[in-house]
Amino acid sequence: MSTLSCHARPGADVAADLGVDLARGLDEAEARLRLERDGPNALRVERGTPWWRIAARQFASLVVLVLVGAAALSLALGETIDAAAIAAIVLLNAVIGFLQEYRSERAVAALRRLAAPRARVVRSGAARILAADEVVRGDVLLLDAGDVVAADARLVEAALLRTDEAPLTGESEPVAKSTEPLPGETPVADRANCVMLGTHVVAGSGRAVVFATGAATEMGRIAELISTASPGDTPLAVQLDSIARRLLWASLGIVAVVFAAGLLRGMPPEELFLAAVSLAVAAIPEGLPAVVTVALALGVSRMAARRALVRRLPAVETLGAAEVVCTDKTGTLTAGEMAPRRVVLPDAVFHVAAEAGSRRLRMLPADDARDGAPADAGLRPLAEAAAGCSDAELGGDDSGTGDPTEVALLRLARACGVERPAVERERPRVALLPFDADRKRMTIVRRQGKGAQALVKGAPESMLALCSGVRTARGVVALDVPGRAKMEEAALLLADEAFRVIAIAERDLADDETLDAEHVERDLVLLGLVGLQDPPRPEAREAVARCRRAGVRVVMITGDHPATASAIADELGIRDPGDETVVGSTLDATSDDELARRIRGIAVHARVTPEHKLRIVRAWKRAGAVVAMTGDGVNDAPALEEASIGIAMGRSGTEVAKEAADMVIADDDFSTIVAAVEEGRGIWEAISRALAFLLSGNAAELAVVLVAVLVGWPLPLLPIHMLWINLVTDGLPALALATGPVDPDVLLRPPRRPEASMMDASFVRLVALVGTTVAACTLAGFAWELRRGDGVDHARSAAFAILVLCQMLVALGMRESGRPLSLPRALADARLVAIVGASLAIQAALHQVPALRRVFGTYEASAAEAGAWLALAIVPLVVLESAKAIRRRNLAAAEGGRTGPGPNPGESLLSGRPPGW
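Caption draft 1: Representation of the overall build of the protein. Helix and strand counts for the protein come out as 35 helices and 27 strands. For the protein, the exposed area adds up to about 36,700 Å²; of that, 58% sits on carbon and sulfur atoms.

Caption draft 2: Highlighting the pattern of salt bridges. All chains considered together, the criterion is met by 53 salt bridges. The shortest N-O distance in the salt bridge between Asp 27 and Arg 24 comes to 3.3 Å. You can call Asp 27 partly exposed: its relative accessible area is 40%. When the shortest N-O distance is used, the salt bridge between Glu 611 and Arg 221 registers 1.5 Å. Linking Glu 611 in helix H24 (residues 610-622) with Arg 221 in helix H8 (residues 218-228), this pair joins segments that are 390 residues apart in sequence. A cluster of three or more residues bridged by salt bridges with shared partners is formed by Asp 391, Glu 393, Arg 420, Glu 424, Arg 429 and Arg 446.

Caption draft 3: Layout of empty space enclosed by the protein. All told, the structure shown has five cavities of 30 Å³ or more when counted by the stated rule. One number sums up the size of the second largest cavity: a volume of about 100 Å³. Together, Leu 168, Thr 169, Pro 187, Val 188, Ala 189, Glu 218, Arg 221, Gly 559, Arg 607, Val 608, Thr 609 and Pro 610 line the second largest cavity. When contributions to the lining of the second largest cavity are tallied by element, the ones reaching two or more residues are helix H7 (166-169) and H8. Counted by class, the lining of the second largest cavity contains six nonpolar, three polar and three charged residues.

Caption draft 4: View of the sheet that holds strand E23 (residues 580-583). Here eight strands make up an open sheet; going across it, the order is E8-E27-E26-E25-E9-E22-E24-E23 and the pairing mixed. The open sheet has two edge strands, strand E8 (308-310) and E23, and neither has a second partner. Adjacent strand axes in the sheet meet at a mean angle of 20° when their direction is disregarded. Relative to strand E26 (residues 645-649), strand E25 (residues 627-631) runs parallel, the two being bridged by four bridges. Counted as the bridge partner of Gly 631 is Ala 648 from E26. Running over the sheet, helix H27 (residues 670-711) touches E8, strand E9 (324-327), strand E22 (553-557), E25, E26 and strand E27 (663-665) and is turned about 135° from E27.

What counts, and at which threshold
- Residues numbered from 1 in each chain as written.
- Predicted model: local features only at pLDDT ≥ 70, side-chain atom pairs only at ≥ 80, totals over all residues.
- Heavy atoms only, no water.
- Helix = DSSP H or I, 4+ residues; strand = E, 2+ residues; numbered from the N terminus.
- Areas by Shrake-Rupley, 256 points an atom, 1.4 Å probe, with all protein chains shown as cover.
- Salt bridge = Lys/Arg side-chain N within 4 Å of Asp/Glu carboxyl O.
- Buried < 20%, exposed > 50% of the residue type's maximum accessible area, 1.4 Å probe, protein only.
- 1 Å grid on protein atoms, 1.4 Å probe; cavity = no way out; pocket = protein on both sides within 12 Å on 5 of 7 lines; lining within 4 Å.
- Points joined across faces, edges and corners; volume = space filled by probe spheres on them.
- Nonpolar A, V, L, I, M, F, W, Y, C, P; charged D, E, K, R; others polar.
- Pairing = 2+ DSSP bridges.
- Axes fitted to C-alpha atoms, helices over the stretch in contact; angles between N-to-C directions.
- Contact = heavy atoms within 4.5 Å.

Okay, here's the thing in structure tokens:
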């Protein structure tokens with residue numbers, strides 16, 4: 001029998017097809033046969049990634065492999081210090097990456113933990129409790145409040161049964177269950193006659209016949225989707241591999257040029273080969289992997305301080321490249337709980353607002369009271385009836401337990417000064433007529449003086465027809481035809497705005513009144529209507545607006561009704577004119593190619609399943625976007641795994657969602673995601689600055705040595721000088737540049753395109769400009785010292801010092817690639833100032849301390865020499881600042897004469913356009 005049609009057929013027919021007597025259940029022998037045939041009721045668990053594979057992954061990057069090759073060549077050439085230093089950097093980078101990424105893939109294992117450990121079933125005519133993994137198809141489940149459902153099953157009995165399906169659907173409202181057949185095309189979230197593995201029974205009782213177990217359940221299907229999802233390579237990983245390839249080819253080119261030039265000058269081939277290979281090794285920025293890893297790790301720390309917990313290191317930067325954030329509605333954009341937002345009295349309308357930072361409510365009149373009566377005169381009777389017709393409890397902090405609708409009404413009553421405990425004390429309960437799906441209302445009868453009063457709440461369509469009167473500010477009056485039509489219209493308008501509408505009424509009862517629904521629920525006095533909704537978070541609208549200013553599209557994906565989803569999207573500013581709201585059934589009829597073409601015009605996806613969410617994320621990726629996906633439920637896990645970066649909610653999120661995600665938002669606040677985007681973009685720009693600084697330094701070293709070889713000079717730099725420059729003089733300032741503060745304008749720029757290269761033409765121009773200028777100043781100082789006749793060693797000492805001084809000053813200019821150098825801003829970057837100051841002090845020590853002079857082959861410098869070296873070292877900084885000024889002037893001219901002290905928000909010296917575009 002197909003499990004897909006169970007909801008469309010009578011429960012008895014489903015049981016007959018499964019070969020089970022609903023009264024007796026399965027015989028033990030038959031149950032054992034089915035267990036052997038179908039296997040245990042458990043989800044398949046893939047083995048996690050072993051630690052050694054995670055460790056090996058740290059060496060899979062091409063840039064790391066290039067460094068490993070450089071270390072091997074250095075060792076072969078006898079440069080053991082160089083080889084040891086490079087190897088130490090590679091190992092440090094691997095250790096940091098391993099510690100950040102060491103975790104097992106536990107998403108499916110977490111799904112197993114959601115499954116019920118025990119289940120009550122009917123076997124051989126008797127109720128039995130057994131392990132959930134022993135449940136088989138055809139078992140009859142017995143369900144009561146508090147139970148966790150052990151398998152997917154078709155209900156055959158339901159007595160006021162309601163289940164919490166949030167782990168599966170993501171929606172917070174408990175679902176009322178029934179036994180009636182439903183249309184075949186009914187989506188999983190609307191199958192009120194079925195219960196699903198891993199969901200919870202919150203009220204009532206029932207019986208259900210199991211039609212799917214283990215991997216065949218909805219939860220099992222989600223587990224399978226998780227295993228098929230693949231996020232792909234991160235933008236940063238792609239860029240680093242591209243950089244490594246370019247560096248590899250550049251190194252080979254240098255070897256070829258030097259080898260050819262040496263042959264032309266008649267140098268011995270063996271000596272020439274060693275010199276060329278040594279130069280190629282020097283071209284590799286050994287500090288790059290460490291700079292990237294430390295920058296990402298520090299980004300993790302900064303994000304944690306902003307309540308974003310990163311589980312996978314590359315996710316720090318990936319979020320900065322996100323063009324689209326696909327977000328769940330319930331609990332992420334909204335509060336995740338029902339709240340009153342409108343109150344319609346017969347003669348007044350109120351808006352209900354939450355006080356900042358709490359659940360406490362305030363009543364705001366929407367218009368003036370009519371007929372001169374006080375606007376809030378009718379609120380007290382409505383509030384007393386709402387509190388009196390309730391079984392929920394409300395704590396002192398406005399947190400509640402019980403039915404979410406009743407909790408919301410209790411908060412409304414508290415805002416009007418009415419508390420349920422006081423009502424219980426003063427007006428004891430006499431009778432309860434519980435809610436059922438046929439009547440669509442609930443009544444509690446309470447003592448009132450020497451008599452009794454019925455307090456009734458329910459759906460307007462079931463309540464208004466039973467009302468003969470209405471309570472106004474001047475007392476109870478008859479509900480005439482125009483008055484009834486007015487309240488019906490108000491109910492429809494609230495429903496059109498995606499509110500859940502509750503009508504509240506009362507009736508004074510005679511002493512001898514029969515307390516049943518037929519006699520009690522008639523001739524009611526209408527008190528008013530309450531519009532309930534899961535309201536948007538107060539900070540969500542501004543967060544969405546910040547995303548839009550940053551060029552990031554926000555897309556809502558929800559299992560909720562399209563009208564509700566669209567109303568919330570409009571309130572938050574997610575939808576633009578012309579944007580579509582598409583439901584899951586429409587996606588079913590849309591091919592993958594067509595969806596990829598249409599996806600940019602869809603702002604809201606409603607009534608979606610886990611498969612739909614996965615297709616939506618894949619469609620955005622096919623459209624070329626870097627996609628962030630947020631979610632909290634089991635149903636979100638496949639899409640979280642597939643997205644470029646998955647973001648789970650920390651408070652409301654299931655373990656499954658957290659394990660599938662790259663990042664966890666601790667406070668479930670959408671604005672925290674925007675803060676994380678800001679950090680991610682800042683990290684990308686910081687790494688870009690650091691890379692430009694590193695490569696310009698390497699370019700300067702290469703140019704110095706290459707020019708000396710070509711013109712026949714002695715080598716201006718010794719191997720120990722180049723190693724010191726690469727690891728200390730370049731490496732430490734690069735770390736400071738990569739971990740510096742985030743540009744406050746970073747969210748005023750659009751996201752970079754994922755295919756945009758970090759090493760584009762403008763980046764290469766910057767590296768060439770700075771590298772050439774530093775090399776020219778170094779060679780000038782070297783040539784001057786040679787001409788003075790103080791010897792090659794003295795000239796090398798001068799070249800070494802000048803190159804180091806140049807790099808230190810350039811680091812200050814590189815800190816802000818778009819702004820002019822500002823001493824106050826530079827001094828505010830304590831890490832960079834400390835590193836530059838310490839490096840200059842150490843460099844001075846290399847020329848002044850005798851022991852260090854012997855190791856590095858340097859000479860003590862006089863004050864005049866040091867002044868001349870410093871004068872030469874200032875030149876590259878002046879050239880860099882001049883280039884930045886020209887860049888700002890050209891941008892101002894292009895924008896029609898824009899001038900001012902601040903930079904263009906899209907300006908970057910590393911790009912001839914807004915970054916990434």
